[in-house]
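# Structural description and commentary
Single-letter residue listing:
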Amino acid sequence: MKRIEKIYNYICERSNEYTLEQLVGEAGVDASGISERLGILRNNVSMELNVLFKMGKIIKIKGRPVLYFDKETLERLCGKKLGPEPLEVGSLREIFGDNEDVFFDKNPFKHLIGVNGSLKGQVEQAKAAILYPPNGLHTLIVGQTGVGKTLFVNMMYNYGKFCERLKENAPFKVFNCADYYNNPQLLVSHIFGHVKGAFTGADTDKQGLVEEANGGILFLDEIHRLPPEGQEMIFYFMDTGTFNKLGETDRKRRARVLIIGATTEEHTSSLIKTFIRRIPIVITIPPLQQRPIQEQVDILKFLLTNEAHRVNKPIRIMSEAVKALIASVSYGNIGQLKSNIQLVCAKAFVNGINKNYIEIDFKSLPEHFKSGLLTLGARRQEMIELDKYIDEQIIISHQEYKVLVEDDQYEPPFNLYKIIEGKAAMLKAEGVQDELIKNFIMADINLHIKSFYNKFNTHLSTRQRILKIVDRKLLELAEEIQLLAKQRLKRDYQDRFLYALSLHLSALLRRLESNQALQYANIESAVREYPDEYQVALEIKDIIEDNYSVEIPKEELEYFTLLLSSVHEIDQSGQISIIVAAHGNSTASSMVNVVQKLLGYDNIVAVDMPLEVSPKDILDKIIQSVQEINHDLKGILLLVDMGSLTNFEDVIAEKCHVKVRTLDMVSTPLLLEAARKVNEFGQDLDDIYTSLQNFQGYGSRKKKRPHENEGVILTICASGEGTAIKLKELVEDILDNMVDEHIEVIPLSSKNVRENAEKIQQKHKILASVGIANPGINAPFVPLETLINSRGEKILKNIIRNHFSVVEKKQNIVVKNLSEDSLKQFLTYLNPAKIISVLEEFLSVLKKSLKREFTNTMEIKLMIHCGCALERMVIQDGLVYKGDKGSINPAYVQSVKRSVQVFKDTIGIELTEDEILFIAEML
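Along every chain, residues carry numbers that run from 1 in the direction the sequence is written. Per-residue local features are limited, in this predicted model, to residues with pLDDT of at least 70; the limit for side-chain atom pairs, both in listing and counting, is 80 or more; totals at the level of whole chains, interfaces and linings are taken over all residues. In computing side-chain values, all of the structure's heavy atoms are included and hydrogens and water are not.

Let's shift gears to the overall build of the protein. The secondary structure listing takes helices from DSSP runs of H or I that are at least 4 residues long and strands from runs of E that are at least 2 residues long, numbered from the N terminus. Broken down by element type, the protein carries 40 helices and 23 strands. Each residue's exposure class comes from its accessible area (1.4 Å probe, protein chains only) as a fraction of the maximum for that residue type: buried when under 20%, exposed when over 50%, partly exposed otherwise. For the protein, the proportion of its 923 residues judged to be buried stands at 51%. The contacts in the protein between residues at least 6 apart in sequence include a share of 73% that link residues at least 24 apart. Two residues qualify as a contact provided that any one of their heavy atoms is within 4.5 Å of a heavy atom in the partner residue.

If you want it as structure tokens, here you go:
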């Protein structure tokens, strides 16, 4: 790195440490400090500072000593564009002018809890998104339900008006994609509008939200519910600013709209890649439990202040009640905490309706809130931390109320306390006893709060949630069985039974289809112990066989018997607990959140692992999670995504004195199946582990086409194993990228290859063979070296075209797979599966810039080199180029510079000048 770059980077780092409020004090760095910190002679530092000042990169603050501040950082902090010219001021106060106090007080982010803590980076991203010329950057907000995504977007809108990037009357339109997710046509109509006659019932032209939001912001909540065609229309609008209404063919309409989306899902898997690439800024809001303890306490105090304002009375709350409320939040985050606080305050108000204050102590809490304190008791470190920030009693004033956003749709439209007072007075007048009044009113309040919050948290019915996982026919069969069980056994089988049964039937049918043996152990006594349930299980067997033309094994009868009986006999003692550990800021939490919502189990723990965290820290975090689980354990089922996590089993078992089994490649379906098996009845950890190894998901089964068993491709290597299996996977991926039909790929050893191939040929039509040896049969042969180079996929496509309908897809599977496999060996901190799409995008931009194509070999070299370069940037260990820079074609250097911008835009990593020179040299 050049000297001037080092100095500028240091100024940027120091400038980023300041908050907006600190700017009115002494802010900036001087030449002596830079010289001492970087080990550069002071006169050389002064010379470079003058160059940076003349370039308009830094601001000079006159005084003794002269201070310097990064201009771009200052623009972002104060929400003002300062122009490209050199700027010299007496103090930074001059930037704000005479209305300094008004400026700071009106900044929308000022009162956001965490603005200088856990949300500092997110706020900086949000400001950059709003200020970016000319019209801001489209943004995606990611986070679990209830973390405050909607509040954050409202603040972004207010910030846009505050810094005058949006007009004061700029529109702010909100649309929840979940409301119409099962009707894509109506959903697209709401967003883009429709013309008369576009569909049945379209009697007039209708303006869409894009048109209504012109000049402002369109907030698409639960954006992952947009169907692919809706996403495509949105990203086309992002690219061009043009759109058409439903029923129009030409995209002639124009609008200037900043799109902000929000999702609770892992966006890389729930949104199509082409859509994700159009969203340059992704802001992740952490869940409540991952925020510092002080922030959790501050949030609780803020929510209590809201209630004190509503009731116009101060609130006294004891420390034990504070701890219990904070610990009562499982997966609902701030939204759940808010609802819990409203319920507790309402109850306290009822109990002391004539007092001039509200008092909340531990005894007055509902029982299910009290259990939160017991859970917290097992987490000693959090308990100690909490004691630092709370007194024995906290008094919340009703006069300290602050409005974060106007017209908050997540605020109840009713005043609970006026409802309570009105009903209490009415019942008192009718002579009802005080105790009965309290009971009646609390039941009513429960209903008010739950019905209000449910409209945000239950967009989907139980049925709709299950349909996201299994197909409609299977769900209808499960509902039929549920009804039968209710009638025969005179027992109420609720949603949890329907979930468990649907998921089990889906997994069962897939296993039967693949002829896998069923793994059930220690349940032979079920028939003897539950004769009534066994008779119903026989009827269930007949129903399934009639509907799916399959033969249900005897073991399934025992399973159905246990399932029918276990609904009311679940033993929570000595459970197996599940820990989900995955790379990414909220990957594990998102999966656990989904499963807890669907099944309601609480013995599942998420461990999120940012990429910059070391494997040792991850291991310590998992061990701490195991130690904090508050009951005797029969075992831990550790579900991980990849890498070194798979090797932690023995260390955890030794340190925590508990049996551990590990499964990798964790996914939401696998976690659902694991949770179901762990919680239904007491199976052994090893039995559950073995059955999950063969789990194939819940997706609907593919219908076999007449020619499916006839068309096969052979992959041939030295042993028929190892490399041949890998080659088989590669060929399968290539085929998936070409055709929608299934083509079987069979690996063979080169030993006796002709003889074995001829045997296969007797049963199947061999379409082609691929590998190191030609079997000499009547079918085309593709040598391994040909498959690897750029001609291989084209040759296979031409062979397959004679038998199947080929889909024209542009992805180069060979390059992607071989690059990803290699990067798995080289990368420690970055996830190859996550960055491979970014590397593909980089290659695409580079090829366009150079107006040339590369061989597969060259593409693989570039992707592996750039993947390793990105990791070097993460660990701050970049290469230093020592060759002759003058010998490298300047056009190549410029093309690489343009192309590596992809890395900065998508994952926030910027390559150094030296790394760029290495890439240009490769070209």
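Let us look at helix α35 (residues 792-801). Gly792, Glu793, Leu796, Lys797, Ile799 and Ile800 are the residues of α35 that are buried. Here the buried residues of α35 occupy an arc of 165° about the axis, which is enough to place them on one side. To obtain the arc, one takes the directions from the helix axis to the C-beta atoms.

Let's shift gears to the sheet that holds strand β16 (residues 575-583). We treat two strands as partners when DSSP finds at least two bridges between them. What the four strands build is an open sheet, ordered β17-β16-β18-β19; its pairing is parallel. Of all the strands in the sheet, the pair left with one neighbour each is β17 (604-609) and β19 (660-663). Averaged over all pairs of adjacent strands, the angle between their axes in this sheet comes to 20°, without regard to strand direction. Two strands pair when backbone bridges link them, and β16 and β17 are joined in this way by six bridges, in the parallel orientation. Of the residues in β17, the one forming a bridge with Ile579 is Val605. The axes are straight lines fitted to the C-alpha atoms, using for helices just the contacting stretch, and the angles between their N-to-C directions are given from 0 to 180°. Contacting β18 (633-640) and β19, helix α29 (residues 649-656) crosses the sheet at an angle of about 155° to β19.

Here we come to the confidence of the model for the protein. Close reading of the predicted structure is inappropriate where its pLDDT is low. Scored between 0 and 100, pLDDT is the confidence that the predictor attaches to each residue. In the predicted model, the protein carries a mean pLDDT of 79, and the fraction of residues at 70 or more is 81%. Residue range residues 455-461 is modelled with pLDDT below 50. Its contacts to residues more than four positions away, or to other chains, number 14 contacts. For the stretch residues 568-573, pLDDT sits under 50, and the model shows five contacts to residues farther than four places along the chain or on other chains.

Time to look at the packing of helix α4 (residues 71-78) against helix α7 (residues 120-131). The interhelical angle for the contact between α4 and α7, taken along N-to-C directions, is 95°, at an axis separation of 9 Å. Between α4 and α7, the interaxial angle falls into the category roughly perpendicular. The segment α4 lies against α7, with Glu75, Arg76 and Leu77 engaging Glu124, Lys127, Ala128 and Leu131. When grouped by side-chain class, the residues that make up the contact of α4 with α7 number three nonpolar, no polar and four charged. Small angles under 35 degrees read as roughly parallel and large ones over 145 as roughly antiparallel, with 65 to 115 read as roughly perpendicular and the rest as oblique. Residue type decides the class: Asp, Glu, Lys and Arg count as charged, Ala, Val, Leu, Ile, Met, Phe, Trp, Tyr, Cys and Pro as nonpolar, and the leftover types, Gly among them, as polar.

So, about the pairing of strand β8 (residues 217-221). With five of five residues buried, β8 is to be regarded as a mostly interior element. Of the pairings in the sheet, the one linking strand β5 (residues 172-176) to β8 comprises five bridges and is parallel in character. By the bridge assignment for β8, Asn176 is matched with Asp221. Relative to strand β11 (residues 258-263), β8 runs parallel, the two sharing four bridges. Across the sheet, Phe219 pairs through a bridge with Ile260, a residue of β11.

On the basis of which strands lie adjacent, the open sheet formed by three strands has the order β14-β13-β15 and mixed pairing. The strands lining the two open edges of the sheet, one partner per strand, are β14 (358-360) and β15 (393-396). Across the sheet, the mean angle from the axis of one strand to that of its neighbour is 15°, orientation sign disregarded. The pairing of strand β13 (residues 315-318) with β15 spans four bridges and is classified as antiparallel.

This part takes up the packing of aromatic side chains. Here a Phe, Tyr or Trp ring, Trp counted by its six-membered ring, pairs with any other such ring whose centre lies within 6.5 Å, and the pair is stacked when the planes are under 30 degrees apart, edge-to-face when over 60, and tilted otherwise. Enumeration over the complete set of coordinates arrives at eight aromatic pairs. For the pair Phe109 and Tyr159, a centre-to-centre distance of 5.6 Å together with 50° between the ring planes defines the contact as tilted. Taken together, the residues span a long stretch of sequence, with Phe109 in the loop between α6 (100-106) and α7 and Tyr159 in helix α8 (residues 149-162) at a distance of 50 residues. Measuring from ring centre to ring centre gives 4.8 Å for Tyr157 and Phe172, while their planes differ by 25°; the resulting arrangement is stacked. On the criterion of sequence distance, the pair formed by Tyr157 in helix α8 and Phe172 in strand β5 is long-range, its members being 15 residues apart. Among the aromatic residues, ring-to-ring pairing joins Phe109, Phe152, Tyr159 and Phe162 into one connected group. Seen from the ring of Tyr548, Lys473 lies directly overhead, with NZ or CZ sitting 4.4 Å from the centre. Both a distance and an angle decide whether a charge sits over a ring: NZ of Lys or CZ of Arg must be within 6 Å of the ring centre and within 35 degrees of the ring normal.

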